[in-house]
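Letter by letter, the chains look like this.
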Amino acid sequence: MQPPDQSLRVLAVIGSLHRKSVTRSIICHVAERLKEAGCTVDVIDFENEPLPLYNPDTAYHAPSFPALKKRVEEADVLLLGTPDYHGSMSGAMKSFLDHFWREFAGKLFATIVASHEKGLTVTDQLRTVARQCYAWSLPYGVSFSESSDMKEGEIASEPFEQRIEMFVRDISVYGKLLAQQRRMDLAGNEAGFLARHRK
Ligand SMILES: Cc1cc2nc3c(=O)[nH]c(=O)nc-3n(C[C@H](O)[C@H](O)[C@H](O)COP(=O)(O)O)c2cc1C
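As the structure is a computational prediction, the values presented were derived from the model and not from experiment.

S.K.: Sorry if this is basic, but what is going on with unusual backbone geometry here?
M.R.: Unusually for a residue other than glycine, histidine 86 sits at a positive phi of about 55 degrees. By the secondary structure assignment, histidine 86 is in the loop between β3 (77–83) and α3 (91–98). Not every positive phi belongs to a glycine, and lysine 118 is a case in point at roughly 70 degrees.

Below you can see the structure in the form of structure tokens.
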């Protein structure tokens, strides 16, 4: 269980800068449904709050970095949405992910890919990032097509609606289980991969 005063905290990241982005539409939709399920959701939209391309020499000194880091640290779950660009995640998403790794350890990645081709390679890349950063990922990714699954910013297909329902439920349930264990491991003294993340 989460501490009674603390709901599951989800950081939702919109990985498209496209003004009429379907990724933005679905991330905002899932964010609302997670709020209805009792989660606290923070949405990062790089169109409104630009993030410079990751540069290891300057990234950590950028004036905006401490606030962004705090938002990532506070999250239990990373909800990541990206368009499929050449079978890969967008540059905006990759640049965001490159800024962090310790902050992701022990957290849950839940991914959504806008693709005409099921976005499998993109989902695999996001899962690889999760593994490299000692994060968990849901055992599946969600993908959708802007032409058949969305219309005017709304979900337009029954299979996609069902998948989103499953996704919201699983983020909520598995996010809480993992967050609880992560907190216990960080507070405890047992061996385990989070031992080196204790303060
Ligand atoms: C540079 C670029 C590369 C793309 N490459 C692919 C691709 O390899 N496979 C694919 O299915 N769609 C590809 N697309 C299409 C986008 O993934 C698709 O239009 C997506 O719905 C855009 O999402 P957004 O509106 O949130 O930006 C590409 C689009 C762009 C702009």
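Past the structure itself, the notes keep going.
S.K.: Help me out: how do you make sense of the nonpolar core in this one?
M.R.: What tends to happen in soluble globular proteins is that the nonpolar side chains get buried as a cluster. One finds Val10, Val13, Val77, Leu78, Leu79 and Phe109 to be the most contacted residues of the largest nonpolar core, which totals 45 residues. Counting residues per element, the ones that place at least two in this core are β1 (9–14), α1 (22–36), β3, α3, β4 (108–114), α4 (120–132), β6 (142–144) and α5 (158–187). Other than its neighbours up to four places away in sequence, valine 10 contacts Leu34, Cys39, Thr40, Val41, Ala75, Asp76, Val77, Leu79 and Ile171.

S.K.: Can you walk me through α1 in this structure?
M.R.: Residues three or four positions apart in an α-helix share a direction because the helix packs 3.6 residues into each turn. Between the first and last C-alpha of α1 there are 21 Å, a value that for 15 residues agrees with the 21 Å anticipated at 1.5 Å per step. Every buried residue belonging to α1 is among Val22, Thr23, Arg24, Ser25, Ile26, Ile27, Val30, Ala31 and Leu34, and all of these are buried. At the exit of α1 stands glycine 38, carrying a positive phi of roughly 95 degrees.

The rules we used
- Residues numbered from 1 in each chain as written.
- Predicted model: local features only at pLDDT ≥ 70, side-chain atom pairs only at ≥ 80, totals over all residues.
- Helix = DSSP H or I, 4+ residues; strand = E, 2+ residues; numbered from the N terminus.
- Core = buried A, V, L, I, M, F, W, Y, C linked by C-beta atoms within 7 Å.
- Buried ≥ 20, exposed ≤ 12 C-beta atoms within 10 Å, placed from the backbone.
- Contact = placed C-beta atoms within 7 Å.
- Expected span 1.5 Å × (residues − 1).

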